[in-house]
Structure formats: structure tokens, C-alpha cells
Amino acid sequence: MNDRQTDIWNMIQREGEVKLSELRAKYAVTEMTIRRDLEKLEQLGLVRRTFGGAIPVTPDVSLQERHTVSPEEKAAIGIAAAALVRPNQAIFIDGGTTTLQLAKQMKPDASVTVVTNALNVAAILLDKGFHTIVAGGMLLEKTGSMVGPIAMSTLGTMAFDQSFLGTTGITLEHGFSNSNSLEAELKREAMRRSGQVNVLADASKFGETFLHSFAGYADVDRIVTDRWPPEPFVQAADPAGVEIVVASQVDS
């Protein structure tokens, strides 16, 4: 890539989308030149061109691959999150390897109702005897999650005491983000239906941002993580009304 193409690619990563008209004005070149730049980035597998612009290519990482990342940290987060579940609550757990650890660490309690859109989470809870409701819908092969209109409709009739959500990235500017628009949409619906919103994320997620933001930093009640995040996130927590729970400081 030449310098302009590199600069455009950095802009797409930072902003999530660029427009032909904006790029043409910024670099004072013809529209055809910008189209060739975007075509080059698309050939490299970095972007997908849209009508009038381009967006980054952010393929979902499969569960198989994610299971190998920070397994001990995710298990600790699961233990800390499980301690937040109270008897007689109705909770939502979405898909992901960290939220799966929550299901694994929850102690059997027939008074707790769990709604989930993740098949692997449902399988764990079934073995433990929880009253479990699975939101149907379109199955995402890589993540094992159900999404789309049917899943959205299922959640739209419910109210949760708490929701437990995974995230792919956390920044102060863009909040909590995910690479899949349908998963992000379902997370937003679960948040709207929840009395409290908990995000489970290992420390590697802080400072990362992906295309689809599903919540601002101040939109959640609690972040459960394995160690203290960078100082700007800690300083912003109290003003935003966000509690940070560090798994290593929670008694199991």
C-alpha cells in the first residue's frame, strides 16, 4: 500500500466506515483515484466496499479459536460473575467463551431462570437443572449463537433482573463493541430488558474497538474482568456509574 492507502486503512479502522466524498475532499484527488485505493484495500482483504464508501472486514473468530485465549482468566471471571447471581432471579446470558465460564461456575439453583441465545451455554445449564429458555433464531456457525428477528422477538417479551454479556472490545470513545451486527443488536435488546447489565471481559479487551458498538461506557452497571484495566478506564468508572469487579479480588 502507498501512504495514502495506509492512511485510509487506518481511518477505516478508527471510524468504522468512510465515504468516497469525504476521502476525495480530504486528499484532493479524483473519485476514481479513491475508488482505486479502496479496490486495492479490498483486494488485500482489509475492507469491503459499500455504496459510496467502505467498511472494515472483521470476520468473527470461532469459538474453537477463542477457547485457547486466556482460559484461566476467563474461568476466574466466570467465578466472580456467578457470585452476582441471586436466588429467584431471571437472567440473560449471551454467547461467548467468557459467558460460557459463567454457566460452568453457577451452582445449581432451580429458583433461577436463565434465558440464553447460546447453545453451549444452554447445554451446560441443562445438565445443572436450571430452568432454561433458549432464544431461537438464525444460528451463527462460528459462535454457536442464535440471532436475528426470531431471537429478538423472544427477548422482546421478557424482563431480566440481570444480563451477562460478552464483548470484543472496550474503549471510552466507542464503548463496548462487537464484530457482528446481529449479535450487537441482540445485546442491545437484552440491555433494554435488564435491571442490571454486566459485561464480562478479560483485560485484553480494553483499548480494542470493533465495527458495531452496542453500548456506551456509561450504559452498563458492571464490568467483571480478571485484572484492573488501564487507569483511564478506572478514572472514568465512578463518574459513569460503572462498577469494576476484579476477579482476583473476589473470594470464590
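In this report, the structure presented in the accompanying data block is examined.

What counts and how
- Residues numbered from 1 in each chain as written.
- Predicted model: local features only at pLDDT ≥ 70, side-chain atom pairs only at ≥ 80, totals over all residues.
- Heavy atoms only, no water.
- Pairing = 2+ DSSP bridges.
- Helix = DSSP H or I, 4+ residues; strand = E, 2+ residues; numbered from the N terminus.
- Buried < 20%, exposed > 50% of the residue type's maximum accessible area, 1.4 Å probe, protein only.
- Arc of directions from axis to C-beta.
- Contact = heavy atoms within 4.5 Å.
- Right-handed = clockwise from strand over helix to strand, strands pointing away.
- Axes fitted to C-alpha atoms, helices over the stretch in contact; angles between N-to-C directions.

### Overview of the pairing of strand S11 (residues 175-178)
Then step 1. Of the strand pairs in this sheet, strand S10 (residues 169-171) and S11 are connected by three bridges, and their pairing is antiparallel. Paired with Thr171 across the strands is Gly175, a residue of S11.
Then step 2. With antiparallel pairing between neighbouring strands as the criterion, S10 and S11 make up a hairpin whose turn holds three residues.
Then step 3. The pairing of S11 with strand S13 (residues 212-215) spans three bridges and is classified as antiparallel. Bridging across to S13, Phe176 finds its partner in Ala215.

### Observations regarding helix H7 (residues 119-128)
Then step 1. Restricting attention to buried positions, one finds in H7 the residues Val121, Ala122 and Leu125. Projected down its long axis, H7 carries its buried residues within an arc of 95°, all on one side. Facing away from the buried surface of H7 by more than 90 degrees, the exposed residues are Leu126 and Asp127.
Then step 2. Lining the buried residues of H7 we find strand S4 (90-93), helix H6 (97-105), strand S5 (113-116) and strand S6 (131-134).

### Here's the deal with the pairing of S4
Then step 1. As paired elements, S4 and S5 share four bridges and run parallel to each other. Opposite Ile91, over in S5, you have Val114 as the bridge partner.
Then step 2. In this fold, the crossover linking S4 to S5 by way of H6 has right-handed handedness.

### What about unusual backbone geometry?
Then step 1. Even without glycine at this site, Ala28 takes up a positive phi of about 55°.
Then step 2. Mapped onto the fold, Ala28 is located in the loop between helix H2 (20-27) and helix H3 (31-43).
Then step 3. A residue is classified by how much of its surface remains accessible, and Ala28, at 70% relative accessible area, is exposed.
Then step 4. One non-glycine residue with positive phi stands out, namely Asn88, at about 70°.
Then step 5. With respect to the helices and strands, Asn88 occurs in the loop between helix H5 (71-82) and S4.
Then step 6. Given a relative accessible area of 63%, Asn88 falls into the exposed group.

### Quick look at the sheet that holds strand S3 (residues 53-56)
Consider a sheet: its strands pair through backbone hydrogen bonds, and that pairing is either parallel or antiparallel.
Then step 1. Strands sit in the order S1-S3-S2 across an open sheet of three strands; the sheet is antiparallel. The open sheet is flanked by strand S1 (18-19) and strand S2 (47-50), the only strands paired with a single partner.
Then step 2. Sheet analysis places S2 next to S3, joined by four bridges and oriented antiparallel. Following the sheet pairing, Val47 is matched in S3 by Pro56.
Then step 3. Contacting S1, S2 and S3, helix H1 (residues 3-15) runs over the sheet at an angle of about 65° to S3.
Then step 4. Sheet strands in contact with H3 are S2 and S3, and its direction is about 140° off that of S2.

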